[in-house]
Amino acid sequence: MASLELQNINKIYNDTVHAVKEVNLSILDKEFLVLVGPSGCGKSTLLRMIAGLEEISSGTMKIGNRIINDVSPKDRDIAMVFQNYALYPHMTVYENMAFGLTLRKIAKPQVDERVQEAAELLELSDLLDRKPKELSGGQRQRVALGRAIVRKPKVFLFDEPLSNLDAKLRVQMRLEIKKLHHRLQTTMIYVTHDQVEAMTMGDRIVVMKDGLVQQADTPLHLYSQPINRFVGGFIGSPAMNFFSGIIENLKGLQFTHSDFLIPLADNSNELKALENQNVLLGIRPEHLRISDKPTGFKATLEVIEPLGSEIYLHLKTETLRFALRTSVLTEFNIGQNIYLACDTENMHFFNKETENRIH
């Protein structure tokens, strides 16, 4: 059993810096949970508290039914993979992977069996006699993974393990870690600032900001139903577009901005209740499209980003800049005026003051 329960967890430094605030999380057995957020949001501090490398200022932390607040790191049955690999340069790959087991006085035949098993799983069998300096970044990361695997812990912790790798290798290692989770069937908690990494890896994602959990949900639910403006803007690439305006009823509901208006096909009571209110409208770049009809939504093309199968168009009006994503491989020209339409069923409305989702 490797479920984790975090109840009202706080971390305060020097009685002044409140790094983690009232975090309540239930992490399921065998779940792959990703903690994501900008630098300084408290995600790594929370991970280090789970590992026992940081003291908990207040709250209760459990693995299964066991409270671990005062349990030392070595007795928590947790293995951590760090951003900088933390390999011993004077040891071979085999010795690095076996080191933790040797410290625990595990019998040598059992150590050898576990190392060989992990090496085969991670395709390191031919590298066991090499030193870390003879390995590529991806190979060193696999050795760090292997060192964690041989311990057969209840929980794996990953602290931004791929940030030192190039883009292609990061994609490859993301797949390797996901396959590893499927094979090992172990609880994994993974910290990253990269929302693409979070979306592609996590069974569930916890979005953090300023020490607070903003939303904990599945990747698709986070993307389609962000709880507030921050989550909507943080999850997704390019980011969600935000427009400030008013909902009016002029021969039908419409969203009116100083630079344009958007007719709203949705006439639900929930939307009618927002009539004459100032709101924030969120639209993802893929839910904007180029219209062949002159509409009340017109913008000027400022930057073109061709990505092969799709194009990002960066547009501006008199007071706004925003993005559109399209698979229509048409020739566009900088400075061109483009008429736009919206998928009104994919609009998100947020309270202008609180920035919480209201529709």
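What counts, and where the lines are drawn
Residues numbered from 1 in each chain as written. Predicted model: local features only at pLDDT ≥ 70, side-chain atom pairs only at ≥ 80, totals over all residues. Heavy atoms only, no water. Pairing = 2+ DSSP bridges. Helix = DSSP H or I, 4+ residues; strand = E, 2+ residues; numbered from the N terminus. Axes fitted to C-alpha atoms, helices over the stretch in contact; angles between N-to-C directions. Expected span 1.5 Å × (residues − 1). Buried < 20%, exposed > 50% of the residue type's maximum accessible area, 1.4 Å probe, protein only. Phe/Tyr/Trp six-rings, centres within 6.5 Å; stacked < 30°, edge-to-face > 60°.

*Asks:* Please explain the sheet that holds strand β12 (residues 253-256) as it appears in this structure.
*Replies:* Each strand in a sheet pairs with another by means of backbone hydrogen bonds, the pair being arranged parallel or else antiparallel. In spatial order, the strands read β13-β12-β11-β14-β20; together these five strands make up an open sheet with antiparallel pairing. Two strands close off the open sheet at either side, each with one partner strand: β13 (261-263) and β20 (348-351). Neighbour-to-neighbour, the strand axes of the sheet open up by a mean angle of 40 degrees, direction not taken into account. Inspection of the sheet shows strand β14 (residues 278-283) paired to β20 by four bridges, in the antiparallel sense. Bridged to Val 279 within β20 is Asn 351.

*Asks:* What should I look at first to understand helix α4 (residues 137-149) in this one?
*Replies:* Helical periodicity: at 3.6 residues per turn, an α-helix aligns residues three or four positions apart in one direction. Given a rise of 1.5 Å per residue, 13 residues ought to cover 18 Å, and the 18 Å separating the end C-alpha atoms of α4 matches this to within 8%. Among the 13 residues in α4, 11 count as buried, and that is most of the element. Considered for burial, the residues of α4 that qualify are Gly 138, Gln 139, Gln 141, Arg 142, Val 143, Ala 144, Leu 145, Gly 146, Arg 147, Ala 148 and Ile 149.

*Asks:* Can you walk me through the packing of aromatic side chains in this structure?
*Replies:* Each aromatic ring pair is characterised by the separation of its centres together with the angle its planes make. Applying the stated criterion across every chain, the model contains 11 aromatic pairs. Relative to Phe 234, the ring of Phe 230 lies with its centre 5.6 Å away and its plane at 20 degrees, an arrangement referred to as stacked. Within this pair, Phe 230 and its partner Phe 234 are both found in helix α8 (residues 229-234), separated by four residues, close to a single helical turn. The pair formed by Phe 230 and Phe 234 is uniform in burial state, with each residue classed as buried.

Geometric values such as these leave the question of function open.
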